[in-house]
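Residues per chain are reported as follows:
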Amino acid sequence: MVKVKAVAITLMGVSALVLSGCSSSSAPDDLSVVSGKPNITQIDTGAAGSSVGDYSVFNAAVTKDGQPFGVLYGQKLLVAEPGQDGAPEGLGRYENHLEFDLPDGTITVTGLQYYTVDGSIPDIALSEGEDRAIVGGTGAYAGAQGVLRSTTNVDGTRTQSFDFS
């Protein structure tokens, strides 16, 4: 009976250490960067012109405080044409996947966003910005989660504000 209690107490102690180790990790500091105008490659998968399934891949330089700070790699897939499935007139709904490759690691972001199908900047992106989920990362951002707010600037760059939780 004494051995069983000793084993139970030992296991409880080990469990407490493991759990405290898991909960002691803190979120990274919030971060704000600017991504440049993206270099875009478009893949027209359906009928000529805009159609569901059209796909774009892109990359853009990332700066912090005006200095080079990494690269943004991304892809977007048109999932609803303008005016369909809840997309406002003039804006297509896109599923996005973003990878920010930064000096201390990577940050992975995903979510839905509205874009014009002709590549022009939508008014909503200029006035309100758009939120997407931070779903992970590597290095200093391992296990990151939170919200990325992307606000498009009039010059086509984007202010990317990471709010880690």
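Nothing here was measured: the structure is a model prediction, and the numbers come from that model.

**Student:** Please provide a residue-by-residue account of the side chain of Arg 132, values included.
**Tutor:** For Arg 132, the location among the structural elements is in strand 7 (residues 130-137). The buried charged residue Arg 132 lacks any salt bridge, with Glu 130 as its nearest oppositely charged partner at 5.9 Å. Separated by 2.6 Å, the side chains of Arg 132 and Ser 150 make a polar contact.

**Student:** Break down the packing of aromatic side chains for me, with residues and values.
**Tutor:** Per the stated rule, a full pass over the model turns up four aromatic pairs. Taking the centre distance of 6.1 Å and the plane angle of 25° together, the rings of Tyr 141 and Phe 164 count as stacked. Here Tyr 141, found in the loop between strand 7 and strand 8 (146-152), pairs with Phe 164, found in strand 9 (residues 158-164); they are 23 residues apart in sequence, far enough to count as distant. On the basis of relative accessibility, which here comes to 7%, the residue Phe 164 falls in the buried class. Ring geometry for Phe 162 versus Phe 164: centroids 5.9 Å apart, planes at 10°, classification stacked. Here Lys 76 stacks its cationic end above the ring of Tyr 115, 3.8 Å away from the centre of that ring.

**Student:** I'd like a rundown of the nonpolar core, residues and numbers included.
**Tutor:** Core analysis: the largest hydrophobic core is formed by 17 residues, its most contacted members being Leu 31, Phe 100, Ile 107 and Phe 162. Elements with a minimum of two residues in this core: strand 1 (31-35), strand 3 (55-64), strand 4 (67-80), strand 5 (92-102), strand 6 (105-115) and strand 9. The greatest single-element share of this core, amounting to three residues, is contributed by strand 5. Setting aside chain neighbours within four positions, we find Leu 31 in contact with Lys 64, Phe 69, Leu 102, Ile 107, Tyr 141, Gln 160, Ser 161, Phe 162 and Phe 164.

**Student:** Could you give an account of the pairing of strand 9, with specific residues and numbers?
**Tutor:** Burial of the side chains of strand 9 is restricted to one face: Arg 158, Gln 160, Phe 162 and Phe 164 are buried, whereas none of Thr 159, Ser 161 and Asp 163 on the reverse face is. Between strand 8 and strand 9, which pair antiparallel one after the other, the connecting turn spans five residues, and Gly 156 there sits at a positive phi close to 90°.

**Student:** Give me the lowdown on the environment of Tyr 94, citing residues and values where you can.
**Tutor:** Structurally, Tyr 94 is set in strand 5. Filtering out sequence-adjacent residues up to four positions away, Tyr 94 remains in contact with Lys 76, Leu 77, Leu 78, Val 79, Gly 111, Leu 112, Gln 113, Tyr 115, Thr 116 and Val 117.

**Student:** Please give an account of the confidence of the model for the chain that cites residues and values.
**Tutor:** Confidence in the prediction for the chain averages 83 pLDDT; 79% of positions are at 70 or higher. Ranking the elements of the chain by mean pLDDT puts helix 1 (residues 2-23) last, at 42, and strand 1 first, at 97. In this model residues 2-24 is a low-confidence stretch, pLDDT under 50, and it forms zero contacts with partners more than four residues away in sequence or in other chains.

Cut-offs used in this document
Residues numbered from 1 in each chain as written. Predicted model: local features only at pLDDT ≥ 70, side-chain atom pairs only at ≥ 80, totals over all residues. Heavy atoms only, no water. Helix = DSSP H or I, 4+ residues; strand = E, 2+ residues; numbered from the N terminus. Buried < 20%, exposed > 50% of the residue type's maximum accessible area, 1.4 Å probe, protein only. Lys, Arg positive; Asp, Glu negative; His and termini not counted. Salt bridge = Lys/Arg side-chain N within 4 Å of Asp/Glu carboxyl O. Polar contact = N/O pair within 3.5 Å; in protein donor to acceptor, adjacent residues only side chain to side chain. Phe/Tyr/Trp six-rings, centres within 6.5 Å; stacked < 30°, edge-to-face > 60°. Lys NZ or Arg CZ within 6 Å of the ring centre and 35° of its normal. Core = buried A, V, L, I, M, F, W, Y, C linked by side-chain atoms within 4.5 Å. Contact = heavy atoms within 4.5 Å. Pairing = 2+ DSSP bridges. pLDDT = per-residue confidence, 0-100.

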